[in-house]
Amino acid sequence: MLRSLVVCITSAVVLVDPFGTGCAHAQPSFPQRTIRIVTHASPGTWDIYARVITPRLAEALGQPVIIENRVGANGNIAMLDVARAQPDGHTLLYAATGALTINTAVFEPMPLDPLKELDAVAIAATVPMIWVASPKSSVRSLVDYVKLARGAPGKVDFALAANGSLNHLIFEGLRQLQNLEIVTITYKSTPPAQQDVIAGNVPVMVDSLGAAMGHIRAGTVVPLAVTTRLRADSLPSVPTVIELGLDNREYTGWYGFLAPRGTPRDVVQRLNAEINRAMALPEPQEKIRALGAQPAAMTPDQFQKFMLDERSKWGAIAKAGNVRVQ
């Protein structure tokens, strides 16, 4: 005797259970409500790289996309918020290099391991880091600065934008290789460090090209060297640290999207595709490049491997320099 068919009707899907044992479970369509992107960026800083694509994401996904700035603890506050959210794709993290790959090496205690408690979704953009000097100082090249520091151990200053930051470890990497003794003047964030360099109170700092570009164009800081393997398109006359022979490693700032661990794979793939598609559009690309960054694209697996490789590099520098943030 043939078993009767049971037809189950949901708001979106009709499911047929040929065995008559009850209704099969429907996987709800994604997304079903507003997408919330949490970031540790201060408003008006590198959150702009995400904001230029949110209108396109909202259109593609058919739901509003909002960005929420949760600043503090080198990104740990924002990362914990997302790690504790429902893993359904409606809450994402938008974070930077330091939070994702440096914090675990420098924070004691570290409240979470982002690469174990979050799923990689998509990289968004990369940005060169750059050594800059005050025009009121005598420093006009990075070679000058290294010679100055070597000739006066413990008497040359460096403006450290934040302890345990990407800027810090780039400085520390060069300091270790060149065996320099330099006095670090530590600030809570980039803007006050920039102001002291501009004023001539501290001669040199490491900054992101995006944050420094306005000051470079205004002539209030002098570009010394970029930390990428190739020269920056926007500053073709500025040498790289590598070509100067001062450090053979490439240092790049980058920003990306992650989701709570356990987010369905098809949801992660959909988000990755839509983010990559939005980043490839002419208008977002133009805006991102104008800010000194480069749009980037990776699969979730590629992004995960990239972050693990970055963690290894930064961890080695932090350990060698005994860099710690309490």
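Residues numbered from 1 in each chain as written. Predicted model: local features only at pLDDT ≥ 70, side-chain atom pairs only at ≥ 80, totals over all residues. Heavy atoms only, no water.

A. Broad picture of the overall build of the protein. For the protein, the count of helices and strands is twelve helices and twelve strands. If one aligns the C-alpha atoms of the protein with their principal axes, the spans along those axes are about 95 × 40 × 30 Å. By the burial criterion, 50% of the 326 residues in the protein qualify as buried. A separation of at least 24 residues holds for 76% of the contacts in the protein among residues at least 6 apart in sequence. Only carbon and sulfur atoms are counted for the fraction: they give 54% of the accessible area of the protein, which is about 14900 Å². (Helix = DSSP H or I, 4+ residues; strand = E, 2+ residues; numbered from the N terminus. Buried < 20%, exposed > 50% of the residue type's maximum accessible area, 1.4 Å probe, protein only. Contact = heavy atoms within 4.5 Å. Areas by Shrake-Rupley, 256 points an atom, 1.4 Å probe, with all protein chains shown as cover.)

B. Geometry of the pattern of salt bridges. Considering all chains together, one arrives at 18 salt bridges under this definition. For D113, the salt bridge goes to R311, with nearest N and O atoms at 2.7 Å. One end of the pair, D113, is in the loop between helix 4 (97–106) and helix 5 (114–117); the other, R311, is in helix 12 (residues 300–321), with 198 residues separating them in the sequence. Looking at D113, the relative accessible area reads 17%, which means it is buried. A salt bridge links R277 to E274; the shortest N-O distance between them is 2.8 Å. Taken as a pair, R277 and E274 lie in helix 10 (residues 265–279) at a separation of three residues, close to a single helical turn. The class of R277 is partly exposed, set by a relative accessible area of 47%. (Salt bridge = Lys/Arg side-chain N within 4 Å of Asp/Glu carboxyl O.)

C. Expanded view of the pairing of strand 7 (residues 157–160). Here four bridges tie strand 7 to strand 8 (residues 183–186), and the two strands are oriented parallel to one another. Of the residues in strand 8, the one forming a bridge with L160 is T186. As a crossover connection, the stretch from strand 7 through helix 7 (residues 166–178) into strand 8 is right-handed. (Pairing = 2+ DSSP bridges. Right-handed = clockwise from strand over helix to strand, strands pointing away.)

D. Region of the structure containing helix 8 (residues 190–199). When we look at burial in helix 8, the residues that qualify are A193, Q194, V197 and I198. What you see down the axis of helix 8 is that its buried residues fit within an arc of 135°, all on one side. Taken from the residues just after helix 8, G200 is the one with a positive phi, measuring 90°. (Arc of directions from axis to C-beta.)

E. The arrangement of the environment of N272 in detail. Relative to the helices and strands, N272 is located in helix 10. In this structure the C-alpha to C-alpha distance between N272 and M298, which are 26 residues apart in sequence, comes to 8.2 Å. With sequence-adjacent residues up to four places away left out, N272 is seen in contact with V121, A122, M298, T299 and P300.

F. How the structure looks around the nonpolar core. In this structure, Y94, V121 and F257 are the most contacted members of the largest nonpolar core, which totals 51 residues. The contact partners of Y94, leaving out residues within four places of it in the chain, are I37, V38, T39, H40, W46, D47, Y49, A50, A124, Y255, G256 and F257. Core analysis: the second largest hydrophobic core is formed by 34 residues, L142, V156, I170 and L246 among them. (Core = buried A, V, L, I, M, F, W, Y, C linked by side-chain atoms within 4.5 Å.)

G. Expanded view of unusual backbone geometry. Each neighbour pair has its own omega, and for F30 with P31 the value is -5°, a cis peptide bond. The backbone of N179 sits at a positive phi, close to 55°, despite the residue not being glycine. By the secondary structure assignment, N179 is in the loop between helix 7 and strand 8. In this model, N322 sits at a positive phi of 50°, which is unusual for a non-glycine residue. Assignment of secondary structure puts N322 in the segment after helix 12. For N322, a relative accessible area of 57% corresponds to the exposed category.

H. The arrangement of the confidence of the model for the protein in detail. Mean pLDDT over the protein works out to 90, with 91% of the residues at or above the 70 mark. Low pLDDT, under 50, characterises residues 1–27; the stretch is placed with 25 contacts to residues that sit more than four places away or in other chains. (pLDDT = per-residue confidence, 0-100.)

I. Summary view of the packing of helix 4 against helix 12. Running from N to C, helix 4 and helix 12 cross one another at 45°; their axes reach a closest spacing of 8 Å. Viewed along their axes, helix 4 and helix 12 adopt a mutual orientation that is oblique. In this structure, helix 4 meets helix 12 at a crossing whose hand is right-handed. Of the residues in helix 12, those touching helix 4 at T97, L100, T101, I102, T104, A105 and V106 are M307, E310, R311, W314, G315 and A318. In terms of residue class, the contact of helix 4 with helix 12 is built from seven nonpolar, four polar and two charged. (Axes fitted to C-alpha atoms, helices over the stretch in contact; angles between N-to-C directions. Parallel < 35°, antiparallel > 145°, perpendicular 65-115°, else oblique. Left-handed = near helix turned anticlockwise from the far one by under 90°. Nonpolar A, V, L, I, M, F, W, Y, C, P; charged D, E, K, R; others polar.)

J. Spotlight on the packing of aromatic side chains. Under the definition given, this model contains eleven aromatic pairs. Look at W46 and Y94: their rings are 5.4 Å apart centre to centre, the planes differ by 55°, and that puts the pair in the tilted class. Note that W46 is positioned in the loop between strand 3 (35–39) and helix 1 (48–51) and Y94 in strand 5 (residues 91–96), a separation of 48 residues in sequence. Assigned by exposure class, W46 and Y94 land together as buried. Geometrically, the ring pair formed by Y94 and Y255 is tilted, given 6.4 Å between the ring centres and 40° between the ring planes. Of this pair, Y94 sits in strand 5 while Y255 sits in strand 11 (residues 252–260), placing them 161 residues apart in sequence. Across the pair, exposure class does not vary: Y94 and Y255 are buried alike. Joined through ring pairs, the aromatic side chains of W46, Y49, Y94, Y255 and F257 make up one cluster. In this structure, K313 is placed above the aromatic ring of W314, and the distance from its NZ or CZ to the ring centre is 4.9 Å. (Phe/Tyr/Trp six-rings, centres within 6.5 Å; stacked < 30°, edge-to-face > 60°. Lys NZ or Arg CZ within 6 Å of the ring centre and 35° of its normal.)

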